[in-house]
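Observations on the model geometry
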Amino acid sequence: MSFIINDKILEKYTGACAHVTIPYGVVEIGEFAFYQCTTIETVSIPSSVEYIGWDAFAGCTNLKSVDIPDSVTEIGNYAFLGCSRLYSLIIRGNTLSVGYAAFNDCIGLSNVWFGGTETDRKGICFDGDNEIIENVVWHYNTCNEHSYSKTCDTTCDECEWIRTSSVLHTYD
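Notes on the structure in this doc start here.

How each quantity is defined
- Residues numbered from 1 in each chain as written.
- Predicted model: local features only at pLDDT ≥ 70, side-chain atom pairs only at ≥ 80, totals over all residues.
- Heavy atoms only, no water.
- Phe/Tyr/Trp six-rings, centres within 6.5 Å; stacked < 30°, edge-to-face > 60°.
- Helix = DSSP H or I, 4+ residues; strand = E, 2+ residues; numbered from the N terminus.
- Buried < 20%, exposed > 50% of the residue type's maximum accessible area, 1.4 Å probe, protein only.
- Contact = heavy atoms within 4.5 Å.

1. Looking at the packing of aromatic side chains
- Overall, the coordinates contain nine aromatic pairs when judged by the stated rule.
- Ring geometry for Tyr-78 versus Tyr-100: centroids 5.7 Å apart, planes at 75 degrees, classification edge-to-face. Of this pair, Tyr-78 sits in the loop between β8 (74-75) and β9 (88-91) while Tyr-100 sits in the loop between β10 (97-98) and β11 (111-114); the two residues are 22 residues apart in sequence, bridging distant segments of the chain.
- With a centroid separation of 5.7 Å and an interplanar angle of 75 degrees, the aromatic rings of Phe-114 and Trp-138 are classed as edge-to-face. With Phe-114 in strand β11 and Trp-138 in strand β13 (residues 137-140), the pair connects residues that are 24 residues apart, well separated along the chain. For the pair formed by Phe-114 and Trp-138, the shared burial category is buried.

2. Considerations on the environment of Ala-56
- Tracing the chain through its elements places Ala-56 in the loop between β6 (51-52) and β7 (65-68).
- For Ala-56 and Phe-34, which are 22 residues apart along the polypeptide, the C-alpha to C-alpha distance reads 5.5 Å.
- Discounting chain neighbours no more than four positions away, the residues touching Ala-56 are Ile-29, Gly-30, Phe-32, Ala-33, Phe-34, Tyr-35 and Ala-79.

Interpretation in functional terms is not warranted from these geometric data alone.
Okay, here's the thing in structure tokens:
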């Protein structure tokens, strides 16, 4: 196994895979767990994870996409610092706190897909030096600006946002 896990805390990733799936049951991704793992391109975080620690993915310069599940309520300081190729970030909805400079130097990040509404997103506490994530284009799971022609509609008539909890994108 490529993980060092103690008391449900993933302390260290020791592998060299491009696509990493964290085992279900892990509740915390510890500090520096993936620090400077430059082979990682994608990471699958299970719904058992509640906290992403300080510098957990810092320096993972080839990390391209991250899907943060509903279960994560806090992202620690510098968690994704320097993930310069990170372009796709999905935050499923229950994250309440984003630590200091958590996404600093993620220069490829331009869009964030968020599982809640704009009002929900405004409730997230962004600690200092998170201008990148605060200034990207945020896409929301539901359209609160327009009306739907029928209650069973899944797509907004005007902007075509899909209104389901499992799909977080628009039609092209």
